[in-house]
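Structural description and commentary
Single-letter residue listing:
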Amino acid sequence: MVICGYVDWPILYVCAYVQAAKMFMLSFPFYPSYTSTESHAMHNRLLVARLAATMTVVGVLLHAGSAYGSPAAILADTTNDSSLGKALWVETPEVTLPPVGVPANYNRHLGRHPQPPSGVHVPAPKDRPVIIEEEGHADFTHQDNMPKKGSIRSAVAPGYQYTAPVLQGVVSALDPNKQSPLNTNAALAFSSTASPYKPNGKLFDMSAIKTPLPTNKWWLNLVIEQGIDPIHPYPYVVKCLANASTVGFPKFQATATAMTSNMVADWQIGDSTGALTQRLVTAYDALGVQVAWTGSNSNTKMAARFYKGLPFITYEMTNMAPVLSTIHAILKVEQLGLTVNSYGANSAGNATKLAKEMADHPSLTQVTLNDGSQWLLVTKPTIQWKQTGNSQLTPATSTTPFTGILQMAHLGDNPSSNVNVLQAYAGTYPTEGSVTYAKILNKQGVGRSADIVYFYKTNTDGGGDTSMIYSTRSVPTSMQLLTFMLPHHVDLLTNSSILSPGLSGYRSTKGPLTAVAGNIITYSQPLDGTQSFEGQHAMTASDKESVQKQLYLDVAASINITAPDPYFFGKGIAKIARLYQIAQELGDTQSASTLKDKLIGYMKPWLVTRTNSDPLVYDTTWGGVVSTAGLADPSADFGQGRYNDHHFHYGYHLYAGAVLAKYDINAFAPLREPLSQLLRDYANPSYADSQFPFMRHFDPYDGHSWAAGLFTFADGRNQESTGEAINAYYSAYLYALALGLQDTADFYEIVLNMEATSGRRYWHPTLAQAKAQYIAPFTHNAVGILWASKVDYATFFGANPEFIYGIQMIPFTPATRLLLAADWVKEAWCPDGTSCSGGMKPAAESANNDGWAQFLYTALSVVDRKTALANVVKCNPDDGNTLTNVLHWIATSGQQQVG
């Protein structure tokens, strides 16, 4: 929730800690471990600032199925041109064929579409593929994709992004290419102003990437401040300098409080003539980002598309004199010969069949460095590398200038085995990535799920012609994409999806990476339980009586909200809204009326009259709603003005709006447009929206959100409070339900469950999971802050275990149950079964009956209702909580009472 980051250059880190009511009481500041030199220096500066401050505010600084899923409908072309495929047919063939009629310049559409849509729909007859004539153009070129004069025939459906998932029989929960029903085309509810923090035009291609701009993407280090901090496309760490790119293979190490990785730039890739002088982010899509290098010589170019989970880092080069430099000494350079068996043939009879493909295979070079690592270099056309000095590789003179592709892959911990796998897939790389959140299956009852589909267009299919989809049994491996999956993906994939033999020795902060082959990867996301306004089960008569008595007391206590900032104000109105919801469930109309009036009275000055002391405004520079104070001061309001934690903040506002809309739509009416715009700010489900970016915080590959906003970290993006992230999408889901927007609600329910799945796996792992995915001695069953390149057993506001456990739970709503699996709670409460060292039990006991202790005892109710009830009543609630809510949660989401 609190972040530290650059606010100016040279680097100035700003960090502060929250002391609000009883929540964040600290006698001495604690800082999580950092791996960058600048971050250590920051600690000293922040300590001075902390001692000098009288009050701190937050600083700123986020199917199961095979690689193609289960057999699905395959859609062919509808044209009569026999060279482009058969007439329309739909079936579930065992083997499909390689594509035909591939457009040679198809993938360069990425440069024309900086935000390629990720949704799909089942095409009506009018949407069937047609022949399109278009002129070749030279946005970005590579060896297989050089610009040509004249027209190029291509068979694509109108809106080419629709074709791939349709081929798999996938129906999107919500078509993000269309305007969201949340967007009524009404005027902005907030006054407009420009942010004083401007995008760096030397880093963005502002002619291709327009407002609304991304503010929380995993690759954002490329475009903020000087753009020199690394990005983390697992399993690598990459920097994009003005004249070169660097690639490193992080090595992980751990202490009891942190698992970190080094950020050594093992290789630098550039032009030996110095022709490259500028690099820009030129496009991005749902999964990755495109970077292009140019210089004074307009004929010399380099481009790369970075995606997470790729064994190869790929560079497209035009008229370059490539030079590869390493900080290590080069011990051996070996040109590899391609054999039939290494290429994937499993019998002598296959050799003839594969002869042509082998002839077209890129050249392979294995390099050994003195740090013990080995790398595979892939080039097409062939480069014969020669060693210059101890640490440099250049091509032979006859091969320069070079136009083609260069790929680099670390050979992991078993080079002799890994090289055989990698060379079989060498030469293929993604040119575009999209994600489909498929419609919910088994809409009623148990076993509800939704398919999540990752689709990559590649250079070997012409950048995305999908008249046919490659099958692993019908084309050589060199035409297939090799990717890595994270542990939570593997949990939901079938064994047939996983490559065997696979690759070993590759990992990310989230654990070992598992190799999967295929351009389309589908996994089944379970939708756990029926999440709605009510809890998991109904209250018993005795529970109702207890909750009602406490409700009377809490209403009589006259809850007042004095917080001026969006975060603590949001917690306040959500607290009232929870009481309002509980009163409605109890049928207590008098309390409900009182709470509704209070709720409206607090919300109108913020959202209707905008007379609060820190009004929200629309930022025309980046495209989002921010606080006035946050816009003026990057350290104010938890970095609100620079898009940190918006999902945490506005999720509370949306919860309050959802409850009000459910029970009194007329009273809600004046608040609808401003609340809908806050929702579009952090969870906009439409690419067609010209005011807000698509899903500002959510990362569909990692399956969770990132915070951090427009602040740069060497450790990459981070997220601390998974509980508040879950609340953000739970509130969005409830809001859409209350407004009768079922498709939108379905989409948010899927995202909510993805967030919860990753939350359980990475922030709340069982001890067995922690030992498998993290490195000893960092084997906790709770994580405080998860970064792209490190994991902290700490929070931004302290290292107390109750903080680490509790921040992943708040606020307690019916959705919190998604995080609190019974087996995890039981183990986390007392990990060793005896002394309970390092568990929630001693953490709760040492918290002096404050709000943090109450959170932990509330969680305990999942497995021990009696002990939980005996203790929660002794605790003083957090400023965003009430005892009524605690008792209601235990009654409806905790261990079900017998009898």
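Being a predicted model, the structure only gives us computed values, none of them experimental.

Okay, the overall build of the chain next. When you go through the chain residue by residue, the secondary structure sums to 22 helices and 37 strands. Looking at the chain as a whole, 65% of its 899 residues are labelled buried. Per element, the accessible surface of the chain, about 29600 Å² overall, is 53% carbon and sulfur.

On to the packing of aromatic side chains. Here the structure, examined in full by the defined rule, presents 40 aromatic pairs. In this structure an aromatic cluster arises from ring pairing among Y236, F249, W267, W375, F484 and Y506. For R642, the ring lying beneath its charged end belongs to Y197, and the centroid distance is 3.7 Å.

Turning to its location among the elements, I600 is positioned in helix α10 (residues 589-607). Taking the C-alpha atoms as reference, I600 lies 7.9 Å from A667; in sequence the two are 67 residues apart. The contact partners of I600, leaving out residues within four places of it in the chain, are L660 and A667.

Time to look at the pattern of salt bridges. A complete count under the given rule lists 20 salt bridges for this structure. Measuring nitrogen to oxygen at the nearest pair gives 2.8 Å for the salt bridge that ties K510 to D702. Here K510 is found in the loop between β27 (507-508) and β28 (511-512), whereas its partner D702 is found in the loop between β33 (698-699) and β34 (704-705), with 192 residues between them in sequence. The pair formed by K510 and D702 is uniform in burial state, with each residue classed as buried. Among the charged side chains, a salt-bridge network with shared partners connects K308, K510, D699 and D702.

On to the sheet that holds strand β24 (residues 430-441). Spatially, β24-β25-β30 is the arrangement adopted by the 3 strands of the open sheet, whose pairing is antiparallel. Each end of this open sheet is capped by a strand with a single partner; those strands are β24 and β30 (520-526). Averaged over neighbouring strand pairs, the angle between their axes works out to 15° when direction is ignored. One ladder, built from 9 bridges, connects β24 with strand β25 (residues 449-458); its direction is antiparallel. Within β25, the position partnered with I440 by the bridge is A450. Packed on one face of the sheet, helix α15 (residues 742-763) meets β24, β25 and β30 and runs near 110° to β24.

Okay, the state of the cysteines next. Per the stated rule, a full pass over the model turns up 1 disulfide. Residue C830 pairs covalently with C836 via a disulfide, S to S 2.0 Å. As the torsion about the S-S bond is roughly -85°, the C830-C836 disulfide counts as left-handed. Here C830 matches C836 in class, with each residue buried.

If you walk across this open sheet you meet the 8 strands as β13-β14-β15-β16-β23-β20-β19-β18, and the pairing is antiparallel. Sheet topology places β13 (278-284) and β18 (330-336) at the edges, where each strand pairs with a single neighbour. With direction set aside, neighbouring strand axes in the sheet form an average angle of 20°. Contacting β18, β19 (363-369), β20 (374-380) and β23 (402-410), helix α6 (residues 415-425) runs over the sheet at an angle of about 20° to β20.

Working note: a packed helix pair is described by the angle between its axes plus the distance between those axes. Running from N to C, helix α13 (residues 665-683) and helix α14 (residues 722-738) cross one another at 140°; their axes reach a closest spacing of 11 Å. Judged on the interaxial angle alone, α14 and α13 are oblique. Judged by the twist between their axes, the crossing of α13 over α14 is left-handed. The segment α13 lies against α14, with F668, R672, L675, S676, L679, Y682 and A683 engaging A728, Y729, S731, A732 and Y735. A per-class count over the contact of α13 with α14 returns 9 nonpolar, 2 polar and 1 charged.

Residues W219, W267, I269, F306 and Y315 are the most contacted members of the largest nonpolar core, which totals 223 residues. Counting residues per element, this core draws most heavily on helix α9 (residues 566-586), which supplies 12 residues. If near-sequence neighbours (up to four positions away) are discounted, W219 is found in contact with P214, I231, V281, Y284, G288 and V289. Counting residues in each nonpolar core, the second largest holds 6 residues, with F711, I785, W787 and F796 among its members.

The next thing to look at is helix α12 (residues 646-663). The terminal C-alpha atoms of α12, which comprises 18 residues, lie 26 Å apart, in line with the 26 Å expected from a rise of 1.5 Å per residue. Most of α12 is tucked away, with 16 of its 18 residues classed as buried.

Here we come to the packing of helix α20 (residues 851-860) against helix α21 (residues 865-872). At their nearest, the axes of α20 and α21 sit 8 Å apart, and the two run at 160° to each other. With respect to α21, the element α20 is oriented roughly antiparallel. The way α20 lies across α21 gives a crossing that is left-handed. Of the residues in α21, those in contact with Q854, Y857, T858 and L860 of α20 are T867, A868, N871 and V872. Considering only residue class, the contact of α20 with α21 consists of 4 nonpolar, 4 polar and no charged.

Looking along the chain, the bond that leaves T211 and enters P212 is cis, with omega of 5°. Residue P235 is bonded to the preceding Y234 through a cis peptide linkage, with omega at 5°. Assignment of secondary structure puts P235 in the loop between β7 (192-193) and β8 (237-240). Within the chain, N319 stands out as a residue other than glycine whose phi angle is a positive 50°.

Attention shifts here to the confidence of the model for the chain. On average, residues of the chain score 80 in pLDDT, and 75% of them reach the 70 mark or higher. Counting interchain partners and residues more than four positions distant, the pLDDT-below-50 stretch residues 340-348 has 17 contacts. Under a pLDDT of 50 for its full length, residues 463-474 has, in the predicted model, 59 contacts with residues more than four places off or in other chains.

The next subject is the pairing of β20. With respect to burial, β20 is a largely interior element, 5 of its 7 residues being buried. Taken together, the 6 bridges between β19 and β20 define a ladder with antiparallel strand orientation. Looking at β20, one finds that L364 is bridged to V378. Two elements, β20 and β23, share 6 bridges in a ladder whose sense is antiparallel. Residue T379 lies in a different strand from β23, and its bridge partner there is L406.

Its place among the elements puts N684 in the loop between α13 and β33. For N684, a relative accessible area of 0% puts it in the buried group.

This brings us to α20. The buried count for α20 comes to 10 of 10 residues, which makes it a mostly enclosed element. Looking only at α20, the buried set comprises G851, W852, A853, Q854, F855, L856, Y857, T858, A859 and L860. Among the residues of α20, the N-terminal cap falls to D850, whose side-chain oxygen and the backbone nitrogen of W852 are separated by 3.0 Å.

A separate point is the environment of S417. By secondary structure assignment, the location of S417 is in helix α6. Look at S417 and you get partly exposed, because its relative accessible area is 27%. Counting along the chain gives 87 residues from S417 to S504, while the straight-line C-alpha distance between them is 8.6 Å.

Reading the values: the criteria
Residues numbered from 1 in each chain as written. Predicted model: local features only at pLDDT ≥ 70, side-chain atom pairs only at ≥ 80, totals over all residues. Heavy atoms only, no water. Helix = DSSP H or I, 4+ residues; strand = E, 2+ residues; numbered from the N terminus. Buried < 20%, exposed > 50% of the residue type's maximum accessible area, 1.4 Å probe, protein only. Areas by Shrake-Rupley, 256 points an atom, 1.4 Å probe, with all protein chains shown as cover. Phe/Tyr/Trp six-rings, centres within 6.5 Å; stacked < 30°, edge-to-face > 60°. Lys NZ or Arg CZ within 6 Å of the ring centre and 35° of its normal. Contact = heavy atoms within 4.5 Å. Salt bridge = Lys/Arg side-chain N within 4 Å of Asp/Glu carboxyl O. Pairing = 2+ DSSP bridges. Axes fitted to C-alpha atoms, helices over the stretch in contact; angles between N-to-C directions. Disulfide = S-S within 2.5 Å. Parallel < 35°, antiparallel > 145°, perpendicular 65-115°, else oblique. Left-handed = near helix turned anticlockwise from the far one by under 90°. Nonpolar A, V, L, I, M, F, W, Y, C, P; charged D, E, K, R; others polar. Core = buried A, V, L, I, M, F, W, Y, C linked by side-chain atoms within 4.5 Å. Expected span 1.5 Å × (residues − 1). pLDDT = per-residue confidence, 0-100. Polar contact = N/O pair within 3.5 Å; in protein donor to acceptor, adjacent residues only side chain to side chain.

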